[in-house]
2 protein chains.
Amino acid sequence: MTAEAFDAVDVIAAKRDGRALRKEQIDWVIDAYTRGVVAEEQMAALAMAIFINDMDPSEIADWTQAMIASGERMDFSSLSRPTSDKHSTGGVGDKITLPLAPLVAVFDVAVPQLSGRGLGHTGGTLDKLESIPGWQAGLSNDEILDQLEDIGAVICAAGTGLAPADKKLYALRDITSTVDCIPLIASSIMSKKIAEGTSGLVLDVKVGSGAFMKDLDKAGQLARTMVDLGKSAGVRTSALLTDMSTPLGLTVGNALEVRESLEVLAGGGPADVVDLTVALAEEMLRLAGRTDVDVRAALTDGRAMDRWNAMIRAQNGDPAAALPVAEHTEVVTASETGVLTKLDALSIGVASWRLGAGRARKEDPVQDVAGIELHAKPGQNVSAGQPLMTLHTATPERFARAVESLETAVEIGGDTASVPESIVFEKIS
Amino acid sequence: MTAEAFDAVDVIAAKRDGRALRKEQIDWVIDAYTRGVVAEEQMAALAMAIFINDMDPSEIADWTQAMIASGERMDFSSLSRPTSDKHSTGGVGDKITLPLAPLVAVFDVAVPQLSGRGLGHTGGTLDKLESIPGWQAGLSNDEILDQLEDIGAVICAAGTGLAPADKKLYALRDITSTVDCIPLIASSIMSKKIAEGTSGLVLDVKVGSGAFMKDLDKAGQLARTMVDLGKSAGVRTSALLTDMSTPLGLTVGNALEVRESLEVLAGGGPADVVDLTVALAEEMLRLAGRTDVDVRAALTDGRAMDRWNAMIRAQNGDPAAALPVAEHTEVVTASETGVLTKLDALSIGVASWRLGAGRARKEDPVQDVAGIELHAKPGQNVSAGQPLMTLHTATPERFARAVESLETAVEIGGDTASVPESIVFEKIS
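About the cut-offs
Residues numbered from 1 in each chain as written. Chains lettered and ligands numbered in written order. Predicted model: local features only at pLDDT ≥ 70, side-chain atom pairs only at ≥ 80, totals over all residues. Heavy atoms only, no water. Helix = DSSP H or I, 4+ residues; strand = E, 2+ residues; numbered from the N terminus. Buried < 20%, exposed > 50% of the residue type's maximum accessible area, 1.4 Å probe, protein only. Contact = heavy atoms within 4.5 Å. Domains from an automatic or database assignment. Phe/Tyr/Trp six-rings, centres within 6.5 Å; stacked < 30°, edge-to-face > 60°. Least-squares fit on C-alpha atoms with pLDDT ≥ 70 in both. Axes fitted to C-alpha atoms, helices over the stretch in contact; angles between N-to-C directions. Parallel < 35°, antiparallel > 145°, perpendicular 65-115°, else oblique. Left-handed = near helix turned anticlockwise from the far one by under 90°. Pairing = 2+ DSSP bridges. Patch = residues over 30% accessible without salt bridge, like charges linked within 9 Å, V, L, I, M, F, W, Y side chains within 5 Å. Areas by Shrake-Rupley, 256 points an atom, 1.4 Å probe, with all protein chains shown as cover. Salt bridge = Lys/Arg side-chain N within 4 Å of Asp/Glu carboxyl O. Lys, Arg positive; Asp, Glu negative; His and termini not counted. Charge placed at Lys NZ, Arg CZ, Asp CG, Glu CD.

*Asks:* Even after reading the chapter, I still don't get the environment of Glu-411 of chain B, so can you show me in this structure?
*Replies:* Residue and element names in this part refer to chain B. Within the fold, Glu-411 resides in strand β12 (residues 410–412). Here Glu-411 falls in the partly exposed class, since its relative accessible area comes to 41%. Separated by 68 residues in the primary sequence, Glu-411 and Leu-343 place their C-alpha atoms 6.9 Å from one another. Not counting chain neighbours up to four residues away, the residues in contact with Glu-411 comprise Val-339, Leu-340, Thr-341 and Lys-342.

*Asks:* I keep staring at the domain arrangement of chain A and nothing clicks. Help me out?
*Replies:* How big an interface is tends to be stated in terms of accessible area lost as the parts join. The domain boundaries assigned to chain A delineate domain 1 (8–69), domain 2 (85–314) and domain 3 (328–413). Distance from the C-alpha centre of domain 1 of chain A to the C-alpha centre of domain 3 of chain A: 41 Å.

*Asks:* Is there a simple way to explain the packing of aromatic side chains in this structure?
*Replies:* The relation between two aromatic rings is expressed through the spacing of the ring centres and the mutual angle of the planes. Residue and element names in this part refer to chain A. Tallying each qualifying case throughout the model produces two aromatic pairs over all chains. Taken together, a centroid distance of 6.1 Å and an interplanar angle of 50 degrees make the contact between Phe-6 and Trp-28 tilted. You can see Phe-6 sitting in the segment before α1 (8–16) and its partner Trp-28 sitting in helix α2 (residues 23–35), a full 22 residues away along the chain. In this structure Phe-6 comes out as partly exposed when scored by relative accessible area, which is 24%. Its relative accessible area of 9% is what places Trp-28 among the buried residues.

*Asks:* What is the right way to read unusual backbone geometry from this model?
*Replies:* Most of the time, phi is negative for any residue but glycine, and the peptide bond is trans. All names here are of chain B. Phi is positive for Asp-108, close to 65 degrees, though the residue is something other than glycine. Residue Asn-316 is not a glycine yet carries a positive backbone phi of 70 degrees. By secondary structure assignment, the location of Asn-316 is in the loop between α14 (303–314) and β7 (328–333). For Asn-316, a relative accessible area of 56% translates into the label exposed.

*Asks:* Before we go on, may I ask you to explain the relation of the copies chain A and chain B in this structure?
*Replies:* Two copies of a chain can be linked by a rotation about an axis combined with a shift along that same axis. With an RMSD of 0.1 Å, chain A superimposes on chain B once it is rotated by 179 degrees and translated 0.1 Å along the axis. Put plainly, the chains are arranged around a two-fold axis. For chain A, the smallest separation between a C-alpha atom and the rotation axis is recorded for Glu-41 of chain A, amounting to 2.0 Å. An overlap of 100% is found between the interface residues of chain A and their copies at the interface of chain B, pointing to a shared contact surface.

*Asks:* Even after reading the chapter, I still don't get the packing of helix α5 (residues 97–105) of chain B against helix α12 (residues 271–287) of chain B, so can you show me in this structure?
*Replies:* Geometrically, a packed helix pair is captured by the angle between its two axes and the distance between the axes. All names here are of chain B. Their axes nearest at 10 Å, the elements α5 and α12 cross at an angle of 40 degrees. By the angle between their directions, the pair α5 and α12 is classed as oblique. Note on packing geometry: the crossing formed by α5 with α12 is right-handed. Mapping the contact onto sequence places Pro-99, Leu-100, Leu-103 and Val-104 in α5 and Thr-277, Leu-280, Ala-281, Met-284 and Leu-285 in α12.

*Asks:* Hey, could you run me through the pairing of strand β9 (residues 371–374) of chain B in this one?
*Replies:* When a strand is regular, its side chains alternate between the sheet's two faces. Residue and element names in this part refer to chain B. Neither face of β9 is exposed, since Gly-371 and Glu-373 on one face and Ile-372 and Leu-374 on the opposite face are all buried. Sheet topology places β9 next to strand β11 (residues 387–393); four bridges connect them, and they run antiparallel. When the sheet's bridge partners are listed, Glu-373 is paired in β11 with Thr-390.

*Asks:* Teacher, can you tell me more about a negative patch on the surface here?
*Replies:* On the surface, a cluster of negative charge is made up of Asp-142, Glu-143, Asp-146, Glu-149 and Asp-150 of chain A. With respect to the element layout, Asp-150 of chain A can be found in helix α7 (residues 141–150).

*Asks:* What exactly am I supposed to notice about the pattern of salt bridges here?
*Replies:* Note that side chains of opposite charge can pair when their charged atoms are close. All names here are of chain A. In the structure shown here, the tally under the stated rule is 48 salt bridges over all chains. A salt bridge links Glu-59 to Lys-15; the shortest N-O distance between them is 3.0 Å. Separated by 44 residues along the polypeptide, Glu-59 in helix α4 (residues 57–69) and Lys-15 in helix α1 bring together distant segments of the chain. Across this residue pair, the class does not change: Glu-59 and Lys-15 are buried. The shortest N-O distance in the salt bridge between Asp-94 and Lys-206 comes to 3.6 Å. Here the residue Asp-94 occupies a position in the loop between β1 (84–88) and α5 (97–105), and Lys-206 occupies one in strand β4 (residues 200–207), the gap between them amounting to 112 residues. Note on Lys-206: relative accessible area 0%, which makes it buried. Three or more residues are tied together by salt bridges with common partners; here these are Glu-4, Asp-31 and Arg-35.

*Asks:* Help me understand the sheet that holds strand β12 (residues 410–412) of chain A in this model?
*Replies:* The strands that make up a sheet pair up through hydrogen bonds in the backbone, lying either parallel or antiparallel. Residue and element names in this part refer to chain A. Spatial ordering of the open sheet is given by β10-β8-β12, a layout of three strands whose pairing is antiparallel. Each having just a single partner strand, β10 (381–382) and β12 make up the two edges of the open sheet. When strand β8 (residues 338–343) meets β10, the two strands line up antiparallel, connected through two bridges. By the bridge assignment for β10, Val-339 is matched with Asn-381.

*Asks:* Please explain the sheet that holds strand β1 (residues 84–88) of chain B as it appears in this structure.
*Replies:* Residues and elements named next belong to chain B. Read from one edge of the open sheet, four strands run β1-β4-β5-β13, paired in mixed fashion. The strands lining the two open edges of the sheet, one partner per strand, are β1 and β13 (424–428). Each neighbouring strand pair of the sheet contributes to a mean axis angle of 20 degrees, computed without reference to strand direction. Pairing of strand β4 (residues 200–207) with strand β5 (residues 236–243), which is carried by eight bridges, proceeds in the parallel orientation. Bridge pairing in β5 places Val-205 opposite Leu-241.

Laid out in structure tokens, this is it:
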């Protein structure tokens, strides 16, 4: 038995009393937690002390580096092209990764999109792609490298070897009310992204009811914290603050969102989804040194769709196969005539989740077909009795609880709605 | 499986955000923690949130009542005399319980002193009494009642059925840096004392380097919190704030402290020990309605010693047997000539602990013979080379580390020392 360099009780007491933790203390506590020497209850007390008393930028950087050091790192430096990645803090109807990865690959920038599954009211990218017949989420590191070299884009499951301290801590935060805390969110996201070895990273930080961050100030603070962490780790990083008060596009749910992504890759699709896809692609390309490229053209001329088809095929998916469709649907109509002033992202995310699109526990299965189609968006005029949305599920007994969560989702009234002019509020780089 | 009334995550979040917990939330969280439904890591996060964000008086009262309700309660109402108890927050050389219990019993007030063992630098009353050949700490509830009726005083181990939530929480606080927090200290002490069923209670709240509370303000706050908790539970409660900057009396350690207690019961002993014993006895008797009694007389005329002998014999101890003596001693001398201005309680407590008088883990044994005899107290003149203290142990390899902790314990210099006029700083009732 080697003597431990520090005592957990002293490290916890320092943060409890509002003092900054030293780099050696942070390195030790993360390593000892990964080894099981620091107990879950000790890390819970420390996480709560961090939540309430905050960490300064150098502590957050040290914390992030210690979480990276807890596991393996990937290395894309052998590729013939630069890498650029995107991370979204999670929103409702956020299928952007699907058209974005092949779109960026068109311009000879590799996109290693190591993703997760959904938990709670926001969907998971892997869950969405798994609604495509045959598609496989699991790839080895060599397969990832080969696919990036050949096609330029890969969306697959993140390996379990990256930042294991973060995995333990994430599960602990979930049951101890220490999730919604900028230092812990920023270090969790950035430790995984830096360990993944991308050279460029664009963060899509969502703001609004359907997002972690409900207001622009806190979202900006989170974005700046993460951009600084990326830069200090040698990753070219920037962030877009984007609207998540209403769902992205007109679909929420796994197969439904794949269908909408295909519309975007075919040169169509809802304006907000197209605009955000293009904005993120331009930023990812800029970080990789590709400026003066016409991104929109690659959506309309079929080049992005070609990459998509190749990418899906490489992972055993059949891009031409029909997507599954729900057996049961129910239409929600407008209760009055007027301008649609609110279509609340959180309530719709919860409804879609209750229809079967998401999971309550990480072991739960999800329904490919479940979700919600929107027929109107805020700012549009609607008439009483007009369909506002269609609910989809394989299990109709779920309709009642889904409708419950929609009770305060819709507001109709007045002559105008305050709708953001652009899906992108602000860019931080 | 019954559905739970609350979700731990919501209760933790409320306190995290600085909100007061409602009585139903507190009742549920303590009960669910006792049942194992609220996990240790969740209680750790909640304890840290309480530590940093505090609890208001009604929350502390609810928390205390919930801890009492987690276990059984004792009942002394069948006794023919009133009960009065004392609790000390713990200090170095604090053997007061030993002469105090038989002294109060002389005046027909029963003293049910349910005690614990020492952990860390403060000694435990049971550890001290166990240095008396044959003495047994464990008694059944019936044996306690019988002894209180016959002799009027009992010092024994507290049963495990009292406030089990407090036992779990106390062990958790120890490893999560959430010990030194007034709401948690006050509710821990008072839940046990109220569950023990005494009708009167005097709290000896220590102030100074050897105590939990280093300054008078915080000690006063703790004392007032506990007095309010006792009164609102129907227990006549008061508190004395007493000096713990320097050890009590001239001995620290188990058998050494029994020896000094016998001196006090024989009408002698150091003035500070006698004064504090008398002050606490008078207060305990006042709470039981016995005023106008000459407490000091019972120490000098042998009545308190008679009760002591009966009390020790009732628990199989031999009050006439010789106390064990250490095989190894080492003398620490004064390094210069002058007024002894400091004899630090904490350092001396740690030294005694390192000599073997205390334990680091609750499973560890203690040495009856280990400890420290003091030959001078602050305010006295000393000459270079004069013995200041004698260290006692059964295991001489312990001397080196004990002497280390004494390095800053002693200060000699100047013409005068600031020594408190009285061992009792303040009375709160």
